[in-house]
Amino acid sequence: MEICVKLDRVSKHHGATVAVDQVSLEVRRGEFFSLLGPSGSGKTTLLRLIAGLDYPDKGQIYIQQTLVNALPPDKRPVNLVFQHYALFPHLTVFDNVAFGLKMRGESRGKIQSAVGNMLEMVRLQGKAQRFPNELSGGEQQRVALARALVNEPVVVLLDEPMAALDQELRQNMHEELKRLQQELQATFICVTHQQDEALMLSDRLAVMSGGSVLQVGTPQEIYRSPQSFAVAKFIGLSNFATGTVVRMENEICWVHREGLPPLKFLRPVSARASELVTIMIRPERLVLDAEPIRPAYDNVIPGTLEKIVFNGGETLCYVRLPTDLTWVIRVSNTTALPSSLCAGQRVHVQWQAADGGILPTHVSL
Amino acid sequence: MSRLPRVLIWSSAAVVLFLYIPILVLIVLSFNDSHMGAVWKGFSLRWYDKLIHNPAFFEAMLNSVLIAAVSTGMSLIFGVGAAIGLEGNRGRLLPFINMGLVLPLVIPEILLGVALLMMFVLLQIPLGFVTIILGHSVFSLPLTIVMIRARLRKLDPTWEDAARDLGANSWDVLRHITLPLLKPAMVGAALLTFTVSLDDFVITFFVAGPGSTTLPLKVFSMIKTGVTPEINALSALLVLVSILGVGGSWFYQQRSGRVVTQSLS
């Protein structure tokens, strides 16, 4: 796979604070890559570094194998879609979209046809002569996209592209964005703090926190096998507990936690005996019933059903375990919850060894 | 909105009346069919007729317009440049520069007039159009800079980022983004400085030379031989032009300001 954008130990300080700290990343040609993290995690700064609107203090940035560290933004083959679109208020939709081509000195005819095609692609052909303040939020966003895409950049950078849109519009724009990316075969790098967006849109994503990249992978890898507590906690819902590795045997290891039976997990490569670890199980991987189900699951923990929250397509069951932990179990409403279950009842939480995960520990839970 | 106390309404009305009654009286008397100033003898346009058939008046008007146009144009060119330079600057001297810029607007005009006269004499620049235009720039330039900077501060810096990202160099950004977005402020500043220049008396009085009599100077010289209704007519015209200029400046800024702030939200 050809590498399109490569960051090599890039750092950027804003005064005394570190916005981006020694970030190394490789983004492949034609992929939809997301930078996911809470606000202040340095993802927007990273985007501005790639666009050339900021320059790194340390490290190298390559676009298509060319070092671009000192290249001004107008000389880079990338275009940025700004968070609040930054459409030029004194120009029509047509002139906004044509701006990049005009700066490049394209001929009038070429501009006419390229802008026309682009507006058609984002379904705005009837609005070419409108001004930005006459457009709805969704239309403004499509203009911002068109203005970037019409230049056929090697990389399209998107800064929180959905942040200013309402929920319904957001769904439509997800599909729109994915369609455009596939039609143009362009590399998209998208900054977002919304995990569902990142999981749905991305081919791969990087989870960021405090200016560093915590983990890079496909949405499935990130969700199923987070490599740190921070990633597991940030992405989706999880149940955690700290414990000690007591025994290892081939692919299997056992974790002990005071008050619980020994718990069986697949052994991570890094695991060492008597190491303190955090175990993690996603709520939809847990099975809940009054009695242990036969054939037996690898792990069975007794507990008390505390409350049941109906949530449309699924039901969330909160179970208090013997060690003062409360875990949540997600039961799909396609299979009815055993009707005998009700709050206050003794239940058993059970799962297979392969459905849990072991993380290096940083916190005590 | 809560109702204002009656006292406030009446006192506001009194202030407005106090400000405008003299001007109204002047305008009304300019239509008076009488040689004597204060006695109403019927409606007439004869003073306006007399005015426009007075070649000295036309000469003074041409001088005034020429001086106002050139000093406004100069202030605009240098003012916009200075404003952009100052807004992009975060130097330690900036507060002092800012203070220095508004000083000419608060220093008594008569001092400025004397100072300018002394300077021109020292530099041996003959008094006339050039000195009046330079003199007017002393207040036109700070006015322009203040107005342009106020507008610059409202512009979203990401517009510049967006333009740079789309391939514009610094010059392109200035030409295609900054200047068009500054246009309302530029028109507003131009209308205002044009009006102020047209009306200026004190500085002009000191730095004018032979053959460069402006309208206010003309009015002043006519008054020396008694206040005739012809002066009333001339003054009424000056008032009208000033109101149009200042009103136009305000209106234009309001209207175009709205477009930009709307697209920001």
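Residues numbered from 1 in each chain as written. Chains lettered and ligands numbered in written order. Predicted model: local features only at pLDDT ≥ 70, side-chain atom pairs only at ≥ 80, totals over all residues. Heavy atoms only, no water.

Chemist: Tell me what's going on with the interface of chain A and chain B, and back it up with residues and numbers.
Modeler: With 21 residues of chain A at the contact, the number on the chain B side is 20 residues. In this assembly, chain A packs against chain B so that about 1,900 Å² is buried in total across both faces, 65% of it on carbon and sulfur atoms. The interface formed by chain A and chain B contains 2 salt bridges. Across the pair R48 of chain A and D161 of chain B runs a salt bridge whose closest N-O atoms are separated by 3.1 Å. The interface formed by chain A and chain B includes 6 residue pairs in polar contact (both at pLDDT 80 or more). For the side of chain A that touches chain B, the secondary-structure elements that each account for two or more residues are α1 (43-51), β6 (78-81) and α2 (93-103) of chain A. (Contact = heavy atoms within 4.5 Å. Buried area = accessible area lost by both parts, 1.4 Å probe. Salt bridge = Lys/Arg side-chain N within 4 Å of Asp/Glu carboxyl O. Polar contact = N/O pair within 3.5 Å; in protein donor to acceptor, adjacent residues only side chain to side chain. Helix = DSSP H or I, 4+ residues; strand = E, 2+ residues; numbered from the N terminus.)

Chemist: Give a detailed account of the pairing of strand β3 (residues 32-36) of chain A, specifying residues and quantitative values.
Modeler: For a regular strand, the rule is simple: side chains alternate between the two faces of the sheet. Residue and element names in this part refer to chain A. Most of β3 sits out of view: 5 of its 5 residues are buried. Sheet topology places β3 next to strand β8 (residues 187-192); 5 bridges connect them, and they run parallel. Bridge pairing in β8 places L35 opposite V191. Judged from the 4 bridges that link them, β3 and strand β9 (residues 204-209) form a sheet pairing that is parallel. When the sheet's bridge partners are listed, F33 is paired in β9 with R204. (Buried < 20%, exposed > 50% of the residue type's maximum accessible area, 1.4 Å probe, protein only. Pairing = 2+ DSSP bridges.)

Chemist: Describe the environment of A114 of chain A, listing the residues and the values that go with them.
Modeler: Residue and element names in this part refer to chain A. Its location among the elements puts A114 in helix α3 (residues 108-121). Taking the C-alpha atoms as reference points, A114 and N151, 37 residues apart in sequence, are found 8.9 Å from one another. Those residues in contact with A114, other than ones at most four positions away along the chain, are L101 and V150.

Chemist: Now, about the sheet that holds strand β4 (residues 58-63) of chain A: what can you tell me, with residues and values included?
Modeler: Residues and elements named next belong to chain A. With respect to topology, 4 strands assemble into an open sheet ordered β2-β1-β4-β5, the strand pairing being antiparallel. Two strands bound the open sheet, and with one partner strand each, they are β2 (17-28) and β5 (66-67). Note that strand β1 (residues 3-14) and β2 share 8 bridges and pair antiparallel. Along β2, the bridge assignment pairs V10 with V23.

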